[in-house]
Amino acid sequence: MNGTPSIPKIFAFIQARLGSTRYPNKVLNSIPVKGMTLLEHIHTRLKAILTEEQIVFLIPEEDQSLLEYLKEKSFNYYCGSLDDVRKRFRDASKFYQADVILRLTGDNPFVDTKAIETIIEAWHVAFNQNTKLDLIYYSPLPLGMGIESFSRRALDKSSDIDEQRHLEHVSLHIKENPKDYTILKLPSPFPESIVSLRLTFDEELDYQTLLDIYDEVQSNTQNELFGAFEIYNLSLKNPDLFKKNQIVEQVRFNLPKPQIESKKSICIIIGNPKEYGSGHWERMTILSVRLVLLGYEVSMQFNSTKISQGFDYFIIDSREDYYDAKFKQPILRIDELSQNRKNLISLEECFKLGFIDLLPHPDSFGWSSKPEVLLSNFANQSLSNIQNTIPSNTINSNNIILCYAGNLNSENSKRLDNFLLSKYSNNTIIRIGGSEPITMKINYEARLTKRNWWKYLSQSDYFLSYFGQGLMEAMYLRKKLASYSIGDYHTMLSRHIEDIWSVPFLGDCNQEMEIREFSNSYPIIYNTAHERIIQWLESQSYTV
């Protein structure tokens, strides 16, 4: 590789046709009834992650009506064989010179963007490390929310006996021969029971279920890009919503399990995003990709569920104190502020006993020598040069304030908006998260994909947030910063980074906040925290 990171050419290929046996023309049905077609839903979700040039619909050559529809929408398309779908994919991958194919189908409108982002992250890391992989998937997920992901090399390699099922099911030859291919499973934090939720479209009962689910999610979240997390929580709140289409038969194959020779098994426990925001989940997803590629068998779960046993290691990224839990295995606690942690006297002692800090706080021994964070490999490849190319005393000229509000309720969101408009009315204000604003003067996004988050963050001049992962990412990009708090805990942390790095603290959003000059006088941040975590895991191998 000559020291130059390799970046894969990734394309999303969506196979679609109008001639479905069970429900003709279904891919052009709309959700809601007078809303976007299934294909538009898929395209909208992919466009938040990939460029439009990377999104291509693969259709049969005979499907002229569908071709005209795609032309009308200005969607990219490739026409190929009707019956040999695998050949359609092979020809398209050759035409576009794709290294990696993300395979989607036109009857799954609500593909999970988090799953796609995680899979793309894994391909980027694998190519960067020159690691040969054939297929990557993310599981468990509801039926219809996942995708297949495989290399062009694996797609072009046929099994000894090709039967009709291999022509129709594009990657089946890979999954039926795990000894001949390298298959990687990336963990989601959901229980296995989530796979019983059916969000695909084969029959009328499926369509009615998708309409009901969409209406319910929209009424609760106003989020077009809702994912498996919202669906899982909806299933807990309203399980009857998912029962209507349970009788629809699904084609399944008996597949051999991939050949996995893992180093050790790891369970990662994450702070639930409903309580703690998305930062914990984001950085542990990044870590899980690294660990799986190193050969560890990784599972993930939220801290609100019953903790599974039987793993070799536990990694806990949650504010909840698990010190007294009955774990016999080595435990790595990230950013824990328990009394046991406070009694330790040195960084070396913390590391030895399984405490690692990814955010600065009063007991993290200053975080002064080399501040380290966990960022995605994709973001690092795209944005690492920004730290060195933008002088620390200058900013962009867009006059944009980006404000992260996480899970703020409507009252605190309104109070935060009023403060921003009263003090920074000459700026363009963009707020991410929190409740929907009552004024058009605040540009609002309920949720962002990773790609769009980095886009907003890199284009902004100022960043305002409560203490967390977002502040560290903004530091990585050398943004002008200020913080606010959402309670006593965050006030303590915000005052701490004000003391050590002069990041202005504007006050608690539950009370009156004050205007301060934003600052970027903090040190350079390094994206190397995963190396410390891996070092700890390897140091514990003899104890297991």
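For the structure itself, consult the block above.
Values in this document were obtained by computation on a predicted structure and should not be read as measured data. (Residues numbered from 1 in each chain as written. Predicted model: local features only at pLDDT ≥ 70, side-chain atom pairs only at ≥ 80, totals over all residues. Heavy atoms only, no water.)

A. Quick peek at helix 19 (residues 488-501). Between its first and last C-alpha atoms helix 19 spans 20 Å; for 14 residues at 1.5 Å apiece the expected length is 20 Å, and the two agree. Listed in full, the buried residues belonging to helix 19 are H490, T491, L493, S494, H496, I497, E498 and W501. Where helix 19 is buried, its residues contact helix 18 (469-476), strand 19 (480-485) and strand 20 (505-508). (Helix = DSSP H or I, 4+ residues; strand = E, 2+ residues; numbered from the N terminus. Expected span 1.5 Å × (residues − 1). Buried < 20%, exposed > 50% of the residue type's maximum accessible area, 1.4 Å probe, protein only. Contact = heavy atoms within 4.5 Å.)

B. Local environment of the packing of aromatic side chains. Per the counting criterion, the structure on display carries 28 aromatic pairs. Centre to centre, the rings of F190 and W281 are 6.1 Å apart; their planes meet at 85°, and the pair counts as edge-to-face. Of this pair, F190 sits in the loop between strand 9 (183-187) and helix 8 (204-221) while W281 is found in helix 11 (residues 279-293), placing the two residues 91 residues apart along the sequence. Assigned by exposure class, F190 and W281 land together as buried. Cluster of aromatic residues (ring-pair linked, three or more members): F11, F13, Y78, F89, F95 and Y96. Over the ring of F226 we find R45, and its NZ or CZ is 4.7 Å from the ring centre. Here the basic side chain of K114 rests over the ring of W281, its NZ or CZ set 4.9 Å away from the ring centre. (Phe/Tyr/Trp six-rings, centres within 6.5 Å; stacked < 30°, edge-to-face > 60°. Lys NZ or Arg CZ within 6 Å of the ring centre and 35° of its normal.)

C. Seen up close, unusual backbone geometry. The step from I31 to P32 runs through a cis peptide bond, and the omega angle for that step is -10°. The topology assignment puts P32 in the loop between strand 2 (30-31) and strand 3 (36-37). Note that the residue after S139, namely P140, is joined by a cis bond; omega there is 0°. Backbone geometry at Q97 places phi at a positive 55°, although glycine is not the residue there. Within the fold, Q97 resides in the loop between helix 3 (85-96) and strand 6 (100-105). Q97 sits in the partly exposed class, given a relative accessible area of 40%. Positioned with a positive phi, D335 is a non-glycine residue whose angle comes to about 55°. Positionally, D335 belongs in the loop between strand 13 (331-334) and helix 12 (339-342).

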